[in-house]
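Examining the three-dimensional arrangement
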Amino acid sequence: MATAVEKWVEEMAQLCKPDKIYWCDGSEEEAHRLIEIGMTQENINGNPIFTKLDQKEWPNSYYHRSHPSDVARTEHLTFICRKDKESIGPTNNWMDPDEAKRKLEPLFDGCMKGRTMYVMPYMMGHPDSPYAKACVQITDISYVVISMRIMTRMSKSVLDKIGNSDNFVRGVHSIGNLDPENRYIMHFPDENLVWSIGSGYGGNALLGKKCFSLRIASWLGLKEGWLAEHMALIGVEDPQGKITYMAVAMPSACGKTNLAMLESTLPGYKVWTLGDDIAWLNVGDDGQLYAINPEAGYFGVAPGTSMKTNGNMLKALKKGTFFPTLFTNTALDTDKNEPWWEGLGTPAPAHALDWQGNEWDPSKTSKAAHANSRFTVSAQHTTNLAKEYSDPKGVPISAIILGGRRANTVPLLVEAFNWQHGVFIGARSGSETTAAAIGQEGVIRRDPMAMIPFCGYNMGDYFAHWLQVGKNIKKAPKIYSVNWFRLDDEGKFIWPGFGDNIRVLKWIIDRINGKVGAKETPIGLLPNLNELSLEGLDISSARMEKLLEVNPSEWVKEAADIEAFLTQFGAKLPEALAQELKSLKANLS
Ligand code: GTP
Ligand code: SPV
Ligand code: MN
């Protein structure tokens, strides 16, 4: 008797008509075999799927170049498909599920002719975790298989775990013909199902990541009483050896991976990492909020990653274990056969191919690496991997940090008055758009909890759910807002950032332990300058004051923008948040 997985795979094979079906076992031997084949095979964009990099400098590392039109998430082609349009809300693209399937079926019909259909069984989360989910994804490109093996816990044992049950998350992916006109990322929350065609890039193609672990999982969380969040997960050890766990939401390309790898500039402090992009938050039996990272690797932004800014990550990229490391859309130094990107901290290569495969040398004014070029590396490579990384129950969270990229208005650091106010801070957050998604860069958009591209249902209901989860926790974590990106009059970052962000984390720990005070402002509690640990930093108090400034006229404008954003949720906007907006405006006047 065929299992539910086998029946579904057969059904998909009937539709996609691959030459071959290959069931992945997740082994090291398999990864090497697929990479070897991929080095001789052309991707449909004319590049080999994998190019071997210099194995001495970059052990077990390979280079991949995607199609120039396919270098980031495409939010305008991403849909949530449920009958009830209102349940999806005003910030998602909606499509009726029947209509979506009528649209997709002809595109998938025969899309794998001449190709292999890879079937990947994998877990999101530690297999022994009560919060983990068993998943199966189909794809027709080995780049996705190798990436998924790094990013998830892929193993044939997942099939035994699923057995004959149909309780598994389904993902169907084909690179299609890469035509942006025929590119769709469609989510069916009621069926635990994602269909994606026409893109081989990150969040569009690795369906366990944003598609399942955020969009579908957030919907499961609403029904089941938990939260799926776009958050890094860290443990901060203080000089006494005590570790404080924090979950950190920041929009794409706004600093999660770097914070997760932070090398402290304050003696005695150390950051341990559990995750850099996604956290699942559950209320434990003891009434505390626990978090796990459902992923097993990092798909991180390459530009700006250097020994100076993020030495931990560079060491991880060069570690080379049984997990290969991938570089996608960086430049390729053709003299040295090494990856290169702007901000790597080494001289620009004399001869290179840029991210589009064009000849490049330092005389060119164009960027060699795409701004959203990425590395894919196993969490096992990180030297600061927390020991609780493999703890099925996760870690208890003491602080939630909500960040964004703002050149002005938003101070370096704010503490919420309480959970409800913290939810409002999250709901009102804005950030400048980045190269992580196709579209204009550098424009401010409201991005509640960094989830605007990832919340799989009506954000009005999402705010209400956050408020409810807060009530279900015995001792709610404190909530903070941070902004590393405030600029001075010359357009330079005022805050040194990176390793010095530990100074902000230390203040948060001191607040949790009741060791420092704070001053009340209209937008929340701010640090007293003399209680921030700034020793060894070359920053004038005038610049620090600018970093912590709450400028009333900027905030009156901000509040108007927040109001316009929140109004669109109509009756779905929780009364508590409408009240918070009212008091913000009152505090400002
Ligand atoms: P996604 O993977 O897209 O979700 O991004 P992320 O939130 O993990 O962002 P990441 O840490 O990769 O940082 C994105 C960019 O911001 C990189 O170019 C970093 O070098 C830069 N960056 C990160 N932290 C800081 C900081 O503290 N200060 C400054 N100035 N830049 C930073
Ligand atoms: C992001 O854009 O937030 C990412 C990269 O982490 S992707 O996997 O493409 O979503
Ligand atoms: Mn992300």
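Calculation notes
- Residues numbered from 1 in each chain as written.
- Chains lettered and ligands numbered in written order.
- Predicted model: local features only at pLDDT ≥ 70, side-chain atom pairs only at ≥ 80, totals over all residues.
- Heavy atoms only, no water.
- Buried < 20%, exposed > 50% of the residue type's maximum accessible area, 1.4 Å probe, protein only.
- Helix = DSSP H or I, 4+ residues; strand = E, 2+ residues; numbered from the N terminus.
- Pairing = 2+ DSSP bridges.
- Contact = heavy atoms within 4.5 Å.
- Axes fitted to C-alpha atoms, helices over the stretch in contact; angles between N-to-C directions.
- Core = buried A, V, L, I, M, F, W, Y, C linked by side-chain atoms within 4.5 Å.
- Phe/Tyr/Trp six-rings, centres within 6.5 Å; stacked < 30°, edge-to-face > 60°.
- Lys NZ or Arg CZ within 6 Å of the ring centre and 35° of its normal.
- Donors = N, O, S within 2.8 Å, 3.2 Å for Na, K, Ca; no water.
- Tetrahedral: all angles 85-135°; square planar, octahedral: opposite > 155°, others 65-115°.
- Polar contact = N/O pair within 3.5 Å; in protein donor to acceptor, adjacent residues only side chain to side chain.
- Salt bridge = Lys/Arg side-chain N within 4 Å of Asp/Glu carboxyl O.

1. Some thoughts on helix α12 (residues 502-512)
By the criterion of burial, α12 is predominantly enclosed, with ten of the eleven residues buried. When we look at burial in α12, the residues that qualify are Ile502, Arg503, Val504, Leu505, Lys506, Trp507, Ile508, Ile509, Asp510 and Arg511. A positive backbone phi angle near 65° is found at Gly514, which sits one or two residues after α12.

2. Digging into the sheet that holds strand β3 (residues 61-64)
Strand order in the open sheet formed by five strands is β2-β3-β19-β24-β18, with mixed pairing between adjacent strands. Whereas interior strands pair on both sides, the edge strands pair on one side only; in this sheet they are β2 (51-52) and β18 (297-301). The sheet contact formed by β2 and β3 spans two bridges and is antiparallel. When the sheet's bridge partners are listed, Thr51 is paired in β3 with Tyr63. Where helix α9 (residues 307-317) meets the sheet, it contacts β3, β18, β19 (325-328) and β24 (374-378), and its direction lies at approximately 70° from that of β24.

3. So, the nonpolar core
Grouped together as the largest cluster of nonpolar side chains are 162 residues, with contacts concentrated most on Ile400, Trp466, Trp495 and Leu505. Residues within four places of Trp466 in sequence aside, it is in contact with Leu227, Glu229, Met231, Ile400, Trp419, Val423, Met449 and Ile479. Within the second largest apolar cluster, 33 residues are counted, among which are Cys16, Phe79, Cys111 and Tyr184.

4. With respect to the packing of aromatic side chains
Taken as a whole and judged by the stated rule, the model has 22 aromatic pairs. Judged by centre distance (6.2 Å) and plane angle (65°), the ring pair of Tyr457 and Tyr462 falls under edge-to-face. Each of the two residues, Tyr457 as well as Tyr462, counts as buried. Summarising the aromatic geometry, the rings of Tyr462 and Trp466 are spaced 6.4 Å apart at their centres and angled 65° between planes, so their arrangement reads as edge-to-face. A residue pair is termed a helical-turn pair when its members lie 3 or 4 positions apart in one helix, as Tyr462 and Trp466 do in helix α11 (residues 459-472) at four residues. Tyr462 sits in the buried class, given a relative accessible area of 1%. An aromatic cluster of at least three residues, connected via ring pairs, comprises Trp219, Trp419, Tyr457, Tyr462, Phe463, Trp466, Phe565 and Phe569. The positively charged end of Arg170 is found above the aromatic ring belonging to Phe168, 4.0 Å away from the centroid. Across the ring face of Trp58, the terminal group of Lys318 is positioned such that the distance to the ring centre comes to 4.3 Å.

5. Comments concerning the coordination of the manganese ion (ligand 3)
In an ideal octahedron of six donors the angles at the metal are 90 or 180 degrees, and in an ideal tetrahedron of four donors they are 109.5 degrees. Protein coordination of the manganese ion (ligand 3) is provided by Lys210 (NZ), His230 (NE2) and Asp277 (OD), with donor distances spanning 2.1 to 2.7 Å. Around the manganese ion (ligand 3), the six donor atoms sit at angles spanning 64 to 170°, and that spread fits a shape best called irregular. We note that the donor set of the manganese ion (ligand 3) lies within a single chain, spaced as K-x19-H-x46-D. Of this pair, His230 sits in the loop between β12 (227-229) and β13 (231-237) while Asp277 sits in the loop between β15 (270-275) and β16 (279-283), and the two are 47 residues apart along the sequence. On the basis of relative accessible area, His230 is assigned to the buried category, the value being 1%.

6. Concerning the side chain of Ser218
Turning to its location among the elements, Ser218 is positioned in helix α7 (residues 208-224). Looking at Ser218, its side chain comes within polar contact range of the main-chain nitrogen of Gly456, at 3.0 Å.

7. Regarding the pattern of salt bridges
All told, the structure shown has 32 salt bridges when counted by the stated rule. Between Lys133 and Glu224 there is a salt bridge, with the nearest N and O atoms lying 3.8 Å from each other. Remark: Glu224 occurs in helix α7 and Lys133 occurs in strand β7 (residues 133-139); sequence separation between them is 91 residues. By relative accessible area, Glu224 is classed as partly exposed at 46%. The closest approach of N and O atoms between Lys585 and Glu563, which form a salt bridge, is 2.7 Å. On the criterion of sequence distance, the pair formed by Lys585 in helix α15 (residues 575-588) and Glu563 in helix α14 (residues 552-567) is long-range, its members being 22 residues apart. Ionic contacts of the salt-bridge type, sharing partners, join the residues Lys209, Lys210, Lys256, Asp277 and Glu295 into one network.

8. What about the pairing of strand β6 (residues 116-124)?
Of all nine residues in β6, nine are buried, a share of seventy percent or more. Where strand β1 (residues 20-23) lies against β6, four bridges are found, and the strand directions are parallel. Note that in β6 the partner of Tyr22 across the bridge is Tyr118. Bridging between β6 and β7 involves seven bridges; their strand directions are antiparallel. In the sheet register, Met123 faces β7, and the bridge partner there is Ala134. Bridging between β6 and strand β8 (residues 153-154) involves two bridges; their strand directions are antiparallel.

9. Concerning the sheet that holds strand β25 (residues 395-396)
Strand order in this open sheet of four strands is β12-β16-β17-β25, and the pairing throughout is antiparallel. What marks the edges here is a single partner per strand, and that holds for β12 and β25. Judged from the three bridges that link them, β12 and β16 form a sheet pairing that is antiparallel. From the neighbouring strand, Leu227 faces β16, where its bridge partner is Leu281.

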